[in-house]
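Observations on chain architecture
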Amino acid sequence: MTVKKPEGDLKLEQANMILSFNYETDEAVTMQMETLAVAGVHIPAQSMSVSASKIRISGMLRLKQTAPIHDGVAGGILNTYNKDFFDQLEYLSADSLINEYVSTRNESTHYDFTKSVQYAASDDLLSNSI
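Along each chain, the written sequence defines residue order, and numbers are assigned to residues from 1. A pLDDT threshold of at least 70 governs which residues receive local features in this predicted model, and a stricter bar of 80 or more applies before side-chain atom pairs are shown or counted, although totals over entire chains, interfaces and linings include all residues. To get the side-chain values, all heavy atoms of the structure are used, and hydrogens and water are removed first.

Structural notes on the overall build of the protein chain
Secondary structure is summarised from DSSP: a helix means a run of H or I of at least four residues, a strand means a run of E of at least two, and numbering begins at the N terminus for each. Along its length, the protein chain carries one helix and four strands. Mapped in sequence order, the helices and strands of the protein chain form the string β-β-β-α-β. Only protein chains enter the area calculation, which uses a 1.4 Å probe; residues under 20% of their type maximum are buried, those over 50% are exposed, and those in between are partly exposed. Counting over 130 residues, the protein chain shows a buried share of 25%. The contact criterion used throughout is that any non-hydrogen atoms of two residues lie within 4.5 Å. Look at the contacts in the protein chain between residues 6 or more apart in sequence, and 79% of them connect residues 24 or more apart. To measure how exposed things are, a 1.4 Å probe is used in the Shrake-Rupley method; for residues, cover is taken only from the protein chains shown. Summed over its atoms, the accessible surface of the protein chain is roughly 8,700 Å², and 50% of this surface lies on carbon and sulfur atoms.

Details of the pattern of salt bridges
One speaks of a salt bridge when a side-chain nitrogen belonging to Lys or Arg is within 4 Å of a carboxyl oxygen belonging to Asp or Glu. Here the structure, examined in full by the defined rule, presents one salt bridge. A salt bridge links R62 to D112, with the nearest nitrogen and oxygen atoms 2.7 Å apart. With R62 in strand 3 (residues 51-65) and D112 in strand 4 (residues 107-120), this residue pair connects regions lying 50 residues apart in the sequence. Under the relative-accessibility criterion, R62 is labelled partly exposed at 41%. Taking relative accessible area as the criterion, D112 reaches 32% and is therefore assigned partly exposed.

Notes on the packing of aromatic side chains
Centre distance within 6.5 Å is the pairing criterion for rings of Phe, Tyr and Trp, where only the six-membered ring of Trp is used; planes under 30 degrees apart are then read as stacked, over 60 as edge-to-face, and the remainder as tilted. Summed over the entire model, instances satisfying the criterion amount to one aromatic pair. For the pair Y111 and F113, a centre-to-centre distance of 5.3 Å together with 15° between the ring planes defines the contact as stacked.

Describing the pairing of strand 1 (residues 14-26)
Strands are treated as partners if at least two bridges between them are detected by DSSP. The pairing of strand 1 with strand 2 (residues 30-42) spans 13 bridges and is antiparallel. When the sheet's bridge partners are listed, I18 is paired in strand 2 with V38.

Considerations on the layout of surface pockets
Its volume calculated, the second largest pocket comes out at about 160 Å³. Put simply, the parts of the chain that give the lining of the second largest pocket at least two residues each are strand 2, helix 1 (94-104) and strand 4. Here the lining of the second largest pocket takes five residues from strand 4, the largest share from any one element. Detection works on a 1 Å grid of protein atoms alone, calling trapped sets that fit a 1.4 Å probe cavities and calling open sets with protein on both sides within 12 Å along at least five of seven lines pockets, with lining residues defined by an atom within 4 Å of a point. Grid points are joined across faces, edges and corners, and a volume is the space filled by probe spheres set on the points.

Notes on the environment of K83
Checked against the element boundaries, K83 lands in the loop between strand 3 and helix 1. Assessed through its relative accessible area of 52%, K83 is described here as exposed. A distance of 3.0 Å separates a polar atom in the side chain of K83 from the backbone oxygen of T80. Polar contacts, as used here, are pairs of N or O atoms within 3.5 Å; protein pairs need one atom able to donate a hydrogen and one able to accept it. Residues neighboring in sequence count only if both atoms are side-chain atoms.

See the structure below:
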């Protein structure tokens with residue numbers, strides 16, 4: 001994904017990304033759910049003399065379960081959380097959406113990721129987008 005900066009000389013300090021995925025399991029429990037990957041990338045203050053031109057994140061979605069899955073799923077598909085998260089942004093802020101995601105769900109995912117940031121001088125054409 002490429003995002004054009006509103007101003008070419010904008011010095012980005014932080015980028016927060018919320019990504020949505022369809023997640024399925026088919027072993028002990030067959031489950032389908034929509035899940036989120038949340039990534040925050042902080043740009044160090046000492047790099048403010050140049051502009052971030054590319055941010056790359058790479059990682060794994062890991063299943064997170066806070067309590068055992070209750071009986072009654074035998075043979076069926078558990079799809080309690082198979083709902084489009086971004087539909088909720090009509091009436092919830094992004095912060096409220098993430099808070100609800102991590103505090104109310106029994107099954108969710110955690111995004112373990114690494115990040116890299118590339119920089120370009122402000123007169124470089126690459127510095128106008130991320």
